[in-house]
Amino acid sequence: MEKNPDIIYYDNDGDFIDLKDVFFQCKSHWPWFLTSVVLCLCIGFLYLSIVPITHRSIAKIKIMDDSKELGLSVDALSLLGNNPKISLGNEMEILKSYRLLSQVVKELDLEVRYYTKTNLRTSEIWPPPFTVTDSILGFLEERENQYRIRVTPFGFTVIDEKGDVFTIDGHNSTKSVQGLPFGIKLLEKETAQKYRDMEFYVVLKPVKEAVIELSKELEVRTTDMNSEILYLVLEGESIRLNEAILNTIIEKFNQDGVLDRQLVSKRTLDFMDERLFYLSRELDSIEIQKKDFKQSNDLSHITADAELILQKMSAADNEVFRTQTQISLCGLLKETISDKDVYNLLPVNLGLGDSSINTLISEYNQLVLKREELMASAGDNNPLLAMLSEQLGKVKLNIVTTLNTYQGQLEVSLTKLNQERDHSNLMFSQIPEKEKVLRAIERRQDLKEKLFLLLLQKREEAAINLAITEPSIKIVDYGLTSMEPVSPDKRIVMAISAFCGAIIPLAMVFLRTFLNTKINDRLDLEKIAPEIPILGEVPYIEGKKKFGEFNDGSVLAESFMILAVNINYLLPEKDNSEGQIIYVTSAIQGEGKTTTALNLSLAYARMKKKVLLVGSDLRNPQLHTYFNVDKSITGLADYLHNPEMDWQECVHEMYDENKDHKVCFGGIILPNAPEVLSRGAFARFIATVKSEFEYIIVDTAPTILVTDTFLISKYADVTIYLTRLGFTDKRLLGFSKDLSRTQKLPNMTYLINDVVGNKSYRYNNYGYGYNSGNTTKSWYRRILKSVGALT
């Protein structure tokens, strides 16, 4: 057998796909592809009309380094073992913390969301034309509630989830009606007419749920962990709401950082205010005491005799004053840190002469700040917290020890100074006692005044530090939104829709191809049984099975004319004038062998050949149905049952216009068909008719169901094995291959029946001949047939 070069041939073990075959299968179902693509594009367009449009807003901030605020250089921090780098991870967590975001939710009322519906899309609006006012404290339940609100000329109509309808009179009602936990207030009077008869959706949710949703929607990221820039990204339906949320988050975050920086200065101010209050009271008391003493003792000025001694005493008094001042400051600090379990910030730069104490106080304040920051995010049992507490206790003990040592030194110095003052007093014993008392009062007054001025100066310094506290962040960009939405992306949605529209029918074609066990086209035969030649293809003509007339010029008639010519190339050449025996058989019933045998005989008769059509299917004869004669008409079975009868009694002339065509029907149904066929009567019948006719077309029984065909197969010159597209199972072809290989059916060839126009790749697109006509179906009928073929 010569193979067609236009076809991809497969070995029996081949397991790959012919893309050309797949292309032709898809091409045959182009209406379904077109319908699927159009339908999916419509679905994609509908999706774009329904899904809310989401925009992306981005804000950028720079985290400021607070090491400058502490007054320490990077080198100093490095020596202390601290990393001066900003921890962006901590800042990102603070930005997404519940504490911070809850402030944003409460300030912007994000627990109440407002929506409006335009056409098919429900979109969030902000700012809304009206606001929901909380008339009952804590009206939000633990679940989400949704209400429909319609603006009317006289107020609002509210419908809850249960379908209950409520009417609120007036557009500025802050009081709720019975059954509603809120009131509604219109923001602008003119919006009542603008939004008249429009329906809005209001969703109320718990604050906790609103904060958690915002935390999920908010994205905080950085391009480089070594950078100080943070990006705040938020996606939502409303551009203005997105930007407002981002800007509010930045504001709250900055305020939180500034408050942390101001905490030390505020604690110092509080301490100074407290001490100044007590000192002012003491000064008032001393001045009153001095006034009373002078009035009662009639004192005015110190005598000239004591001026020299007073100068000496003055020097000693100055030293005493300085020493007592230091002792007082030490006492104040000791009172402040007296509680072992309380770790509060200590005032700095009080004027102590010992610089080591000031250094310890600064170190202690830094540890207190770290501990308070850690306590805000960690539990009481946190190991790091315990370590800081232990370190604070050690530093506090060190401060107390240092203060005690320094105070001891001061007391020793004070003792010496007192000795010198006593010596001066001894020398000043001649000065009246009253002058001595007055000087004592004045000394105490001077001491308190200087202490008061010192504290007042330190307070002003702390107030300045509080007032000029630097912000914790620098805003690089406020919330900015691109006008191009992030979702849905029209190009992607329509591309996916078009892809789905093409892939769905393609998948169905593949599924139909791989799950279908029927023969679908000529390639199936060539793949499975390439060694058996294919005689031709018989087209499917709707409503037409056989020739109408002998001069019929239809496609069906021309196809059988071609088939008759092709058979002649397979028939053996004979020297005598004996006719050719052509068997028409199939694997099972219903594959069209009787119709094919009839049309083939008519094709030979049309070629002016003497033809005899024999119905040898004695079990289920069907040939009589094509001529509208009774099943019991005399036929082959009668001759085989009674070989003495004349064979011509079995042959009937069914066409008056063509005397060359004769028919031998099957005859009566015999119960022992295999037995009568195996007798010599059938051989004699064949031998007789071969001498009278040029072509004997024998319609045989199916080969799988019965053995009748094998009993008479040896008389055939050519065996046409019929297959029917969409009907013959591929698994049955293995049986036909065995028949050809074992020569049970001599000179066997395949004939493909019921080939639809789009299944034939040879001549289905061309029309030629008499009355060929145009068999192209309308586009809608092709779509319906494609859908039916797929299903």
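See above for the structure.
Please read these numbers as outputs of a predicted model, since none were measured by experiment. (Residues numbered from 1 in each chain as written. Predicted model: local features only at pLDDT ≥ 70, side-chain atom pairs only at ≥ 80, totals over all residues. Heavy atoms only, no water.)

**Thoughts on the pattern of salt bridges**
- Tallied over the entire structure, the rule returns 31 salt bridges.
- Here Lys-60 makes a salt bridge to Asp-477, at a shortest N to O gap of 3.4 Å. Placement of the pair is Lys-60 in strand E1 (residues 55–63) and Asp-477 in strand E13 (residues 473–481), with a sequence separation of 417 residues.
- Between Glu-653 and Lys-659 there is a salt bridge; the shortest N-O distance is 2.8 Å.
- Where salt bridges share partners, they join Arg-148, Arg-150 and Glu-199 into one cluster. (Salt bridge = Lys/Arg side-chain N within 4 Å of Asp/Glu carboxyl O. Helix = DSSP H or I, 4+ residues; strand = E, 2+ residues; numbered from the N terminus.)

**Points about helix H13 (residues 490–515)**
- Over its 26 residues, H13 extends 36 Å from the first C-alpha to the last, a length consistent with the 38 Å expected when each residue adds 1.5 Å.
- Every buried residue of H13 is listed here: Val-493, Ser-497, Gly-501, Pro-505, Val-509 and Arg-512.
- The residue sitting at the N-terminus of H13 and contributing the capping side-chain oxygen is Asp-489; that oxygen lies 3.1 Å from the backbone nitrogen of Arg-491. (Expected span 1.5 Å × (residues − 1). Buried < 20%, exposed > 50% of the residue type's maximum accessible area, 1.4 Å probe, protein only. Polar contact = N/O pair within 3.5 Å; in protein donor to acceptor, adjacent residues only side chain to side chain.)

**Section: a nonpolar patch on the surface**
- On the surface, a nonpolar cluster with roughly 270 Å² of combined accessible area is contributed by Trp-30, Leu-34 and Val-38.
- Take Val-38: it is sitting in helix H2 (residues 30–50). (Patch = residues over 30% accessible without salt bridge, like charges linked within 9 Å, V, L, I, M, F, W, Y side chains within 5 Å. Areas by Shrake-Rupley, 256 points an atom, 1.4 Å probe, with all protein chains shown as cover.)

**What to know about the nonpolar core**
- By size, the foremost hydrophobic cluster in this structure holds 35 residues, and its most contacted members are Leu-352, Ile-357, Tyr-364, Ile-399 and Leu-403.
- Of all the secondary structure elements, the ones that give two or more residues to this core are helix H8 (239–297), helix H9 (307–336), helix H10 (355–375), helix H11 (383–427) and helix H12 (433–467).
- The element best represented in this core is H11, accounting for 10 residues.
- The contacts of Ile-357, once residues within four sequence positions are left out, are Leu-333, Leu-352, Thr-402, Leu-403 and Tyr-406.
- Leu-571, Tyr-604, Phe-665 and Ile-697 belong to the second-largest nonpolar core, a separate cluster that totals 32 residues. (Core = buried A, V, L, I, M, F, W, Y, C linked by side-chain atoms within 4.5 Å. Contact = heavy atoms within 4.5 Å.)

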